[in-house]
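As a plain string of letters, each chain reads:
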Amino acid sequence: MHSDSMGFSQGFSQGFSKIKRYILWLMLGLSLTVFSCQQTLSQAAPQVNVTLLSAPLMPLTQPGPWGEVSHLISYDHRLWFANSKVFGNHNSADIYSYDPSDGETRFEQHLFSQSTGDPTVANGLLYWPFEDPRFSADRGEYMVTNGDQWQWHILPEGEVFHVHAMAHHRDALWASTGAWSGGVQRSTDGGKTWELVYTHPTPERRVSRVTSLVPLGDRLLAEIMAVHESGSKVLRSQANAFQPIESWPNGKRVNALTTFQDRAYGVNQNPDDSYSVWRTDGERTEPVTGLDGHRIRDFTATDSTLWAVSSGPSAQQGYLWCSNDGLDWAAVQHFTDMRPLAVAVHADQVYVGGRGANGHGVLWGPTTHQVSSIRQPEKPQTLPLPRQVLPPLDVQQQLSALDAILSSPETYTAGNTQDVLAKTLMPMALEHTPAVSKQLAAYLQQPLPAKSAQLFAGNASAPATYVVQWYLLWAMGLNGYGQVPLEVLQTPWTEPANDREKYWHPAPAAAWTAAQLGQDDRGTIGAIIERLTTQTDPLWLVGDFVGALHTLTGEQFGYDVAAWQQWWETL
């Protein structure tokens, strides 16, 4: 789990500040991380029936430097996955794809997020949610691709720190979110517009998240994480509301929610922090005892088979399981040198992602390719997601308001600079005209009336210039026009590390925005190439520059710095 994006609004609730709620949120995330990665179950080694697999899975690719391969999904004749750090806060989220027909692994996209939520395919497009957007602008963020082009978008409705999952259900696109109150949003036009359809009732001094969404027949199921509540943590849609499935057992949360043959399966984290698997048809719920004693990390289903992976604290306790009815289970492979965390079926073959013995994420699968019997849907050639356009008068009013806010000392001393800037800039971020972004770029190096900006109810601070540049770059990237000054991109990294891995230094934001703007001139590319070997830059910041280079050039060198340098020298 990841800490929230610290999107505090101005002021305090009486008797309990939002920074205290943030600390509670952070502790919640950290505690669930500890439970998920350290929980030890009393498990006897199962008998492994290897004959149920046509061939044992083997290591296929280990493309990135981060600790886990997760979020496997089949799309456009390739298996897509994330390489990031699943456990703990970290500024890494790289998307790769693997082609079983030739064994090629391709770097697809770098997300400006702390890890990724559960992706989905809808109407021929692949949607990747930002589990914890690094801009911390209190708006959910996601990217959408047709396999070639990518677009970055926000959820303009509601207060959102996390987009935990996206799902396609009944001709609509859905997103589950986390903030002080978890929520569900829906789009009936592929993401052009969104509406907030559910906000989980959450009392003061508490927080909640809706962390997964899965269709079950004509209903949508959601998992709510709210450790202050007792009772079922699986919700079922009813009109525009969600209600608990009362027959689901009491617990802290549910993982790996998946549907198979008209039932939903999930891993219940019980009040004593043990784990058990249950299934429900939406009304009745029953235990799945065939997996007792094993920490199930993920499920995936075909029409005839439900697959699962389990792992313990060591690399010696990983198993791949299968079942034809969801109740009787057989272990079909024992992993002794990797911890499986995710499982998916692509082209009728099963794949497993996890953490390798060397501490890097790894993808396992069959070494022989077979032609899929599943017809792939046609994908759109372009991404039809138009942006909001404001009337000229409103644009001028917005720019005048921004000028007043940037010029006011109170903006930086009142305690919530990030909230003021993000709210002021959002209409211009969605406006999508060159004139607006040109003005935003002009503000990037404007003198400010304060040296330091107070953030999050005055409980954090950063250089005012950095904070203003951070949110201006966010707005420019969404707007789609403008030019990032090289001086901003070249700003030396001087930030001390912090447990939340939250920073407002402009260099990573400048790299992301330059990539979104298609700023591929020689000066920009050269400045980014130079940052690859800057000794003071942490590896995750190098990842930001790698992602920008890939977007701007289309080259597939990933984290191979020498290859980037050689390519640059030959141009």
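Residues numbered from 1 in each chain as written. Predicted model: local features only at pLDDT ≥ 70, side-chain atom pairs only at ≥ 80, totals over all residues. Heavy atoms only, no water.

Let's talk about empty space enclosed by the protein
Picture a little ball the size of a water molecule; that probe, rolled over the atoms, points out where space is still empty.
Step number 1: Applying the stated criterion across every chain, the model contains four cavities of 30 Å³ or more.
Step number 2: Here the residues of the lining of the largest cavity sort into five nonpolar, one polar and three charged. (1 Å grid on protein atoms, 1.4 Å probe; cavity = no way out; pocket = protein on both sides within 12 Å on 5 of 7 lines; lining within 4 Å. Points joined across faces, edges and corners; volume = space filled by probe spheres on them. Nonpolar A, V, L, I, M, F, W, Y, C, P; charged D, E, K, R; others polar.)

Some points on the environment of R279
Step number 1: Structurally, R279 can be placed in strand β20 (residues 275-280).
Step number 2: Under the relative-accessibility criterion, R279 is labelled buried at 7%.
Step number 3: As a C-alpha pair, R279 and T258 span 21 residues in sequence and 9.3 Å in three-dimensional space.
Step number 4: With near-sequence residues (within four places) excluded, R279 lies in contact with W248, R263, A264, Y265, R284, T285, E286, V288, D325, G326 and L327.
Step number 5: One polar contact links R279 to E286, side chain to side chain, over a distance of 2.7 Å.
Step number 6: Side-chain polar atoms of R279 contact the backbone oxygen of D325, separated by 3.0 Å. (Helix = DSSP H or I, 4+ residues; strand = E, 2+ residues; numbered from the N terminus. Buried < 20%, exposed > 50% of the residue type's maximum accessible area, 1.4 Å probe, protein only. Contact = heavy atoms within 4.5 Å. Polar contact = N/O pair within 3.5 Å; in protein donor to acceptor, adjacent residues only side chain to side chain.)

Notes on helix α8 (residues 506-517)
Step number 1: Between its first and last C-alpha atoms α8 spans 16 Å; for twelve residues at 1.5 Å apiece the expected length is 16 Å, and the two agree.
Step number 2: Taken as a whole, α8 has its buried residues at P506, A507, P508, A509, A510, A511, W512, T513, A514, A515 and L517.
Step number 3: Positive phi shows up at G518, right after α8, with a value of about 70°. (Expected span 1.5 Å × (residues − 1).)

Comments concerning the nonpolar core
Step number 1: In terms of nonpolar packing, the biggest core is built from 97 residues, with L72, W128, L425, L440, Y471 and W474 touching the most fellow members.
Step number 2: Considering each element in turn, this core owes the most residues, eleven residues, to helix α6 (residues 464-479).
Step number 3: Excluding residues within four positions of it along the chain, L72 makes contact with L79, W80, F81, A342, V343, A344, Y351, V352, G353 and L363.
Step number 4: Membership of the second largest hydrophobic core comes to 16 residues, among which are V267, Y275, I296 and F299. (Core = buried A, V, L, I, M, F, W, Y, C linked by side-chain atoms within 4.5 Å.)

Section: the pairing of strand β16 (residues 234-238)
Step number 1: In terms of burial, β16 is a largely internal element, four of the five residues being buried.
Step number 2: Here strand β15 (residues 219-225) pairs with β16 via three bridges, running antiparallel. What sits directly across from E223, in β16, is V234.
Step number 3: By the bridge criterion, four bridges tie β16 to strand β17 (residues 241-244) in an arrangement that is antiparallel. The partner of L235 across the bridge, within β17, is P244.
Step number 4: The loop that links β16 with its antiparallel partner β17 comprises two residues; one of these, A239, has a positive phi angle of about 55°. (Pairing = 2+ DSSP bridges.)

Quick notes on the packing of helix α9 (residues 522-531) against helix α10 (residues 539-553)
Step number 1: Where α9 contacts α10, the two axes come as close as 9 Å, and the packing angle between them is 150°. Taken together, the axes of α9 and α10 are roughly antiparallel relative to one another. As for how α9 packs across α10, the hand of that crossing is left-handed. Residue-level contacts link I525, I528, I529 and R531 of α9 to L541, F545, A548, L549, L552 and T553 of α10.
Step number 2: Tallied by class, residues from the contact of α9 with α10 come to eight nonpolar, one polar and one charged. (Axes fitted to C-alpha atoms, helices over the stretch in contact; angles between N-to-C directions. Parallel < 35°, antiparallel > 145°, perpendicular 65-115°, else oblique. Left-handed = near helix turned anticlockwise from the far one by under 90°.)

With respect to the packing of helix α5 (residues 434-443) against α6
Step number 1: Packing of α5 against α6 leaves a shortest axis separation of 10 Å and a crossing angle of 160°. Of the possible angle classes, the one that applies to α5 and α6 is roughly antiparallel. Here the hand of the crossing between α5 and α6 comes out left-handed. The residues of α6 that touch α5, namely those facing V436, S437, L440, A441 and Y443, are L472, A475, M476 and N479.

Examining the pattern of salt bridges
Step number 1: Throughout the structure, instances matching the rule amount to 14 salt bridges.
Step number 2: A salt bridge links E108 to R106; the shortest N-O distance between them is 2.7 Å.
Step number 3: A residue is classified by how much of its surface remains accessible, and R106, at 22% relative accessible area, is partly exposed.
Step number 4: Where D537 meets R531, a salt bridge forms, and the shortest distance between an N and an O atom there is 3.0 Å. (Salt bridge = Lys/Arg side-chain N within 4 Å of Asp/Glu carboxyl O.)

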